[in-house]
Amino acid sequence: ILPFIIIGALVILIAIILVKMIMSPKRSAHLAQLYKQNRYQQAIKSAKQILAREPRNADAHYFLGMCYLADNKAELALMELKHVDSIGLFEGQVSELPFRKTIAELYARFNQLEEAQKEYLLLINLEPDNPDYYYQAGKLFELRNSADKAVKYYRKTIELDKRHADAHARLGSILFRAKRLPEAREALEQAVKLQPGNAAACFSLGKIYKEAKDFPAAMSYYK
């Protein structure tokens, strides 16, 4: 009798696993549809029901987080996206690239600079020709007092996008503080050329020309 009981239990267990394997993708697809239709409250309710049965369902955590974000609950959104990251599976409805972009922005919003920086470095590995990832990484290195690394990432941003005014401006600002005035002036002038309304770049250029005793040029930038 015992062997039959064991075999029966195994059959039931396999059946349960198969049902879950069949139903889970369908539930995830339904969640994705609710999210795309902006039916956030219904999606939140469905995601919570799935997670009550499957706490490690990455799709459910992801769409729950995205619905919280759409509902202006960014802190709750970040908590859910952290769960997705800890699970580390990107095989269902969750695509790694948009997930990394969103969680990087949320880390930065909540001043978790080291975590945000890690995410942008991962994004660079995933999409190495995207200048914005280098720019965001450079900003985070600058905020974390790693000016040399920030310069490296701003230069890479400019290499990929010569018209990236903010990268020129931030690069010029760092070079100015480092007293590398000819390089700083070149970067800042390019920033102002691309973005005439960049007040910070104009102010720094005014100081550079003032120190060089070129007062008419300094006045023009101060104005």
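In what follows, the structure referred to is the one given above.
Residues numbered from 1 in each chain as written. Predicted model: local features only at pLDDT ≥ 70, side-chain atom pairs only at ≥ 80, totals over all residues. Heavy atoms only, no water.

### Describing the overall build of the protein
Next, step 1: Counting its regular elements, the protein contains twelve helices and zero strands.
Next, step 2: Reading the protein from its N end, one meets helices and strands in the order α-α-α-α-α-α-α-α-α-α-α-α.
Next, step 3: Relative to its 223 residues, the protein shows a buried fraction of 40%.
Next, step 4: Taking all contacts inside the protein whose residues are at least 6 apart in sequence as the whole, residues at least 24 apart take part in 44%. (Helix = DSSP H or I, 4+ residues; strand = E, 2+ residues; numbered from the N terminus. Buried < 20%, exposed > 50% of the residue type's maximum accessible area, 1.4 Å probe, protein only. Contact = heavy atoms within 4.5 Å.)

### Some words on the packing of helix α10 (residues 181–194) against helix α11 (residues 199–211)
Next, step 1: It is the contact of α10 with α11, at a shortest axis distance of 9 Å, that shows an interaxial angle of 140°. With respect to their mutual orientation, α10 and α11 come out oblique. Once α10 is placed against α11, the crossing between them reads as left-handed. Note on element contacts: α11 touches α10 through Ala201, Cys202, Ser204, Leu205, Ile208, Tyr209 and Glu211, opposite Leu181, Ala184, Arg185, Leu188, Glu189, Ala191 and Val192.
Next, step 2: Across the contact of α10 with α11, the residue classes break down as ten nonpolar, one polar and three charged. (Axes fitted to C-alpha atoms, helices over the stretch in contact; angles between N-to-C directions. Parallel < 35°, antiparallel > 145°, perpendicular 65-115°, else oblique. Left-handed = near helix turned anticlockwise from the far one by under 90°. Nonpolar A, V, L, I, M, F, W, Y, C, P; charged D, E, K, R; others polar.)

### Overview of the pattern of salt bridges
Next, step 1: Per the stated rule, a full pass over the model turns up twelve salt bridges.
Next, step 2: In this structure, lysine 73 engages aspartate 71 in a salt bridge whose closest nitrogen and oxygen atoms are separated by 3.3 Å.
Next, step 3: A relative accessible area of 36% means that lysine 73 is categorised as partly exposed.
Next, step 4: When salt bridges with common partners are traced through the structure, they connect Asp85, Glu96, Arg100 and Glu119 into a single cluster. (Salt bridge = Lys/Arg side-chain N within 4 Å of Asp/Glu carboxyl O.)

### A closer look at the environment of tyrosine 133
Next, step 1: Examined against the element boundaries, tyrosine 133 turns out to sit in helix α7 (residues 131–143).
Next, step 2: With sequence-adjacent residues up to four places away left out, tyrosine 133 is seen in contact with Leu97, Lys101, Tyr120, Leu123, Ile124 and Glu127.

### A short note on the packing of aromatic side chains
Next, step 1: Per the stated rule, a full pass over the model turns up ten aromatic pairs.
Next, step 2: With a centroid separation of 5.8 Å and an interplanar angle of 50°, the aromatic rings of tyrosine 35 and phenylalanine 63 are classed as tilted. Remark: phenylalanine 63 occurs in helix α3 (residues 58–70) and tyrosine 35 occurs in helix α1 (residues 2–36); sequence separation between them is 28 residues.
Next, step 3: Owing to a relative accessible area of 22%, tyrosine 35 belongs among the partly exposed residues under this scheme. (Phe/Tyr/Trp six-rings, centres within 6.5 Å; stacked < 30°, edge-to-face > 60°.)

### Let's talk about the nonpolar core
Next, step 1: By size, the foremost hydrophobic cluster in this structure holds 60 residues, and its most contacted members are Leu31, Tyr62, Phe99, Tyr120 and Leu171.
Next, step 2: With seven residues, the top contributor of residues to this core is α3. (Core = buried A, V, L, I, M, F, W, Y, C linked by side-chain atoms within 4.5 Å.)

### Topic: helix α2 (residues 40–53)
Next, step 1: The end-to-end C-alpha distance of α2 is 20 Å, a good match for the 20 Å that 14 residues give at a rise of 1.5 Å each.
Next, step 2: Within α2, the full set of buried residues consists of Ala43, Ile44, Ser46, Ala47, Ile50 and Leu51. (Expected span 1.5 Å × (residues − 1).)

### Section: the packing of α2 against α3
Next, step 1: Between α2 and α3, the least distance of the axes is 9 Å, while the angle of their chain directions is 150°. Judged by the angle between their axes, α2 and α3 are roughly antiparallel. As α2 runs across α3, the sense of the crossing is left-handed. When α2 is examined against α3, the residues Tyr40, Ala43, Ile44, Ala47, Lys48, Ile50 and Leu51 are found in contact with a partner set consisting of Ala60, His61, Leu64, Cys67, Tyr68 and Ala70.
Next, step 2: Split by residue class, the contact of α2 with α3 holds eleven nonpolar, one polar and one charged.

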